[in-house]
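Remarks on the overall topology
The lines below spell out each chain.
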Amino acid sequence: MSPQVVPPEYLEKYRQALSKLYKINVESEEAFLSKLSYFEVTLDEVVTAEGEVEDYLYMVFSGGIRLFVNHNQKEVSTNFRFPGEFVSSIESFLARKPSNYVLKALEESILIGIKHADLFSLYDSYPEVNALGRVALENFFISQKKRVQDLLTLTAEERYQKLINNQLDYVQNIPLKHLASFLGITPESLSRIRAKRT
């Protein structure tokens, strides 16, 4: 996976996504957009490996990315990120420490990312980019907090229903074993939940 120049149509899409997140002035926006890179990712391609220091904060433009940890020789899915959402091994990205997570493509995907060094350089030069980054990271952490809260307060069936309600188009393409792992149940239990719904 090597960085490429962002095609103009994707640059415009990114600009629109940014404006929904947080409005910044033209000078700050142009400086930010000039630092973006474009990535085409193939099915099952590793975006970030365990032990690697995360260098990018990505936005998913097509496809989907699965985050997982290796535990007791099993892959435990912790999150899925879909078009319009940011994805990164965020602790590694911020702390510059090796990642405990693996980011892997669920299907052919397009990501647009900004390097850590470029982002933090922009933070120093453009206060509005700093504010934008804060909002993006706040959204990221809020979604993670909701995930933990759901694990603690909802049944597996309720978590599955919530996922279906929010991401139906994408969930249908996630392999059963990954979805079950994310929900904290066995594939057999997920099959029974699905059977009840039909």
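All of the points below concern the structure found in this document. Here the structure is a predicted model, which means the values were calculated and not measured.

Another point: the overall build of the chain. The number of helices and strands found in the chain is eight helices and eight strands. Whereas a compact globule of 198 residues would reach a radius of gyration of roughly 16 Å, the chain reaches 17 Å, a difference of no more than 12%. Counting only C-alpha atoms, the chain reaches 55 × 30 × 30 Å along its principal axes. For the chain, the proportion of its 198 residues judged to be buried stands at 45%. Pairs at least 24 apart in sequence give 72% of the contacts found in the chain among residues at least 6 apart. Element-wise, carbon and sulfur atoms account for 51% of the exposed surface of the chain, whose accessible area totals about 10600 Å². For the chain, the centre of its 23 positive side-chain charges and the centre of its 26 negative side-chain charges are spaced 8 Å apart.

The strands that make up a sheet pair up through hydrogen bonds in the backbone, lying either parallel or antiparallel. Within the open sheet, the four strands sit side by side as S1-S8-S3-S6. Their pairing is antiparallel. With partners counted over all chains shown, the strands left at the sheet margins are strand S1 (36-41) and strand S6 (86-87), one partner each. Most of the contacts of helix H1 (residues 8-21) go to strand S3 (residues 56-62), to which it runs at about 110 degrees, and overall it touches S1, S3, S6 and strand S8 (109-115).

Here we take up the pattern of salt bridges. Under the counting rule described, the total for this entry stands at nine salt bridges. Note that Arg15 is salt-bridged to Glu30, the shortest N-O span being 2.9 Å. One end of the pair, Arg15, is in helix H1; the other, Glu30, is in helix H2 (residues 26-33), with 15 residues separating them in the sequence. The salt bridge involving Asp55 is made with Lys115; its shortest N-O contact spans 3.5 Å. With a gap of 60 residues between them, Asp55 in the loop between strand S2 (46-48) and S3 and Lys115 in strand S8 connect regions that are remote in the sequence. Given the relative accessible area of 25%, Asp55 is considered partly exposed. Each of the salt bridges in this network shares a partner with another, and the network as a whole consists of Glu12, Arg15, Glu29 and Glu30.

Examined against the element boundaries, Arg159 turns out to sit in helix H6 (residues 156-171). Although Arg159 lies buried, it forms no salt bridge, and the closest oppositely charged side chain, Glu158, sits 7.0 Å away as judged by the N-O distance. Ignoring anything within four residues of it in the chain, the contact list for Arg159 reads Asp150, Leu151, Leu154, Leu183 and Gly184.

Taking strand neighbours across the sheet as the criterion, the four strands line up as S2-S7-S4-S5 in an open arrangement whose pairing is antiparallel. Edge positions in the open sheet fall to S2 and strand S5 (74-81), since each of these has one partner strand only. If you compare each strand with its neighbour and ignore which way they point, the axes differ by 35 degrees on average. As paired strands, strand S4 (residues 65-71) and S5 are joined by seven bridges and run antiparallel to one another. Bridging across to S5, Val69 finds its partner in Val76. In this fold helix H7 (residues 176-183) packs onto S4 and S5, with an angle of close to 85 degrees to the strand it touches most, S5.

In this structure, Gln73 is a non-glycine residue whose phi angle is positive, near 65 degrees. Residue classification places Gln73 among the exposed residues on the basis of a relative accessible area of 85%. Unusually for a residue other than glycine, Arg96 sits at a positive phi of about 60 degrees. Secondary-structure assignment places Arg96 in the loop between helix H3 (90-95) and strand S7 (102-105). Given the relative accessible area of 32%, Arg96 is considered partly exposed.

Reading guide: rules and limits
- Residues numbered from 1 in each chain as written.
- Predicted model: local features only at pLDDT ≥ 70, side-chain atom pairs only at ≥ 80, totals over all residues.
- Heavy atoms only, no water.
- Helix = DSSP H or I, 4+ residues; strand = E, 2+ residues; numbered from the N terminus.
- Rg over C-alpha atoms; globule rule 2.2 N^0.38 Å.
- Buried < 20%, exposed > 50% of the residue type's maximum accessible area, 1.4 Å probe, protein only.
- Contact = heavy atoms within 4.5 Å.
- Areas by Shrake-Rupley, 256 points an atom, 1.4 Å probe, with all protein chains shown as cover.
- Lys, Arg positive; Asp, Glu negative; His and termini not counted.
- Charge placed at Lys NZ, Arg CZ, Asp CG, Glu CD.
- Pairing = 2+ DSSP bridges.
- Axes fitted to C-alpha atoms, helices over the stretch in contact; angles between N-to-C directions.
- Salt bridge = Lys/Arg side-chain N within 4 Å of Asp/Glu carboxyl O.

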